Amino acid sequence: MQKSTVKCRIGPSILNADLSQLHAESRRLLDNGADYLHLDVMDGHFVPNLTFGHPLVKCLRKNIPNAFFETHMMVQDPQKWIEPMADAGVSQYTFHIEPVIKEVLPICRKVREAGMKVGLALKPGTGIEAVRQYIDHADMILIMTVEPGFGGQTFMADMMPKVQWLRHNYPLLDIEVDGGVGLNTITACAEAGANMIVGGTAIIGACDQRSVIASLRETVESSIHKCNV
C-alpha cells in the first residue's frame, strides 16, 4: 500500500438533533470539534421517511457561512436537487447510486459543474462491484452501515469488507461510514480504513460531545498512522 495522506474527519449527522434549534445545535457541534456537518435529506420514496430540503439548508448556511456541508441525498431523483442544493451552499453532494445506476456519470458531472464535490453512497445490500467503475469520478464513497432512512439503528459490522476493499485498492480515497457508528464500533471502522466518520446518536446525544468527537478522532488517526509507518 502506498503511503496514505487521507485525513480523519468527523461529521455529525444532524438527523437526531432538535430541528427547531438547528442553528444552535450545529454551531455547538462545530465548536466541539466536528470537521463538517452531515445533512440527511430524505424524500419519502427512496427511503420511508421525510426530513428536510434545500430551503432549510440555505437558512443554515446563512447562519454558518464557512462550515463544510455534506448532503446525504437519500432520494429517488438526485439529479432533481443538484442546482437547488448548490444554490443553498452545499459543499459536497452525496447521492445513492441504486435508483440511478445507469445515470451515475452524468449526475457526477452535473454535481461538479454546480461547484460541489461528489459523493457516491451504497446501501448495505449493494455490492462494491456496483460502484467500481465510478470511483475515479467521485471524491468520496459512502458505505452505509445501517439501512438508510432512520437514525438509531444497530451497526452492521459485515459492511467492513467493502471499506477494506476500497482502502486497499484506493489508498488516497475518502471513505465515509454512516450508521450506528460510535465509541463501541469506531475501532472496526478505523481498522477497515474509513477516514470520514458520520456519528449520529453517539455524538448528538452525548453529555460531552467534545470528548466523544475527540475519542473517535483518536481511534481513526491511530489507524491512519499505522498505515503510514
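Predicted model, so just to flag it, every value in this text is computed and none were measured. (Residues numbered from 1 in each chain as written. Predicted model: local features only at pLDDT ≥ 70, side-chain atom pairs only at ≥ 80, totals over all residues. Heavy atoms only, no water.)

Draft legend 1. Seen up close, the UniProt feature "binding site: substrate" (unreviewed entry) in the chain. According to UniProt, the "binding site: substrate" (unreviewed entry) feature falls on Ser13, His72, Gly149, Phe150, Gly151, Gly152, Gly180, Gly200 and Thr201. Within the element layout of this structure, Gly200 appears in the loop between β8 (196-199) and α7 (201-204). Discounting residues that sit within four places of it in the chain, Gly200 has contacts with Ser13 and Asn16. Turning to its location among the elements, Thr201 is positioned in helix α7. Its relative accessible area of 43% is what places Thr201 among the partly exposed residues. (UniProt positions renumbered as here; feature names shortened; annotations may be inferred. Helix = DSSP H or I, 4+ residues; strand = E, 2+ residues; numbered from the N terminus. Contact = heavy atoms within 4.5 Å. Buried < 20%, exposed > 50% of the residue type's maximum accessible area, 1.4 Å probe, protein only.)

Draft legend 2. Layout of the state of the cysteines. Evaluated as defined, the whole model comprises zero disulfides. Cysteine Cys8 is unpaired, with the sulfur of Cys189 as its nearest cysteine sulfur at 11 Å. (Disulfide = S-S within 2.5 Å.)

Draft legend 3. Looking closely at the environment of Met42. Structurally, Met42 can be placed in strand β2 (residues 36-42). Once the C-alpha coordinates of Met42 and Phe150 are considered, the two residues, 108 residues apart in sequence, prove to be 9.6 Å apart. When sequence neighbours within four positions are dropped, the list of residues in contact with Met42 reads Leu15, Val47, Asn49, Leu50, Thr51, Met74, Val75, Gly149 and Phe150.

Draft legend 4. A look at the pairing of strand β5 (residues 117-122). Among the six residues in β5, five count as buried, and that is most of the element. The pairing of strand β4 (residues 92-96) with β5 spans five bridges and is classified as parallel. Bridging across to β5, Tyr93 finds its partner in Val118. For the crossover from β4 across helix α4 (residues 104-113) to β5, the handedness is right-handed. (Pairing = 2+ DSSP bridges. Right-handed = clockwise from strand over helix to strand, strands pointing away.)

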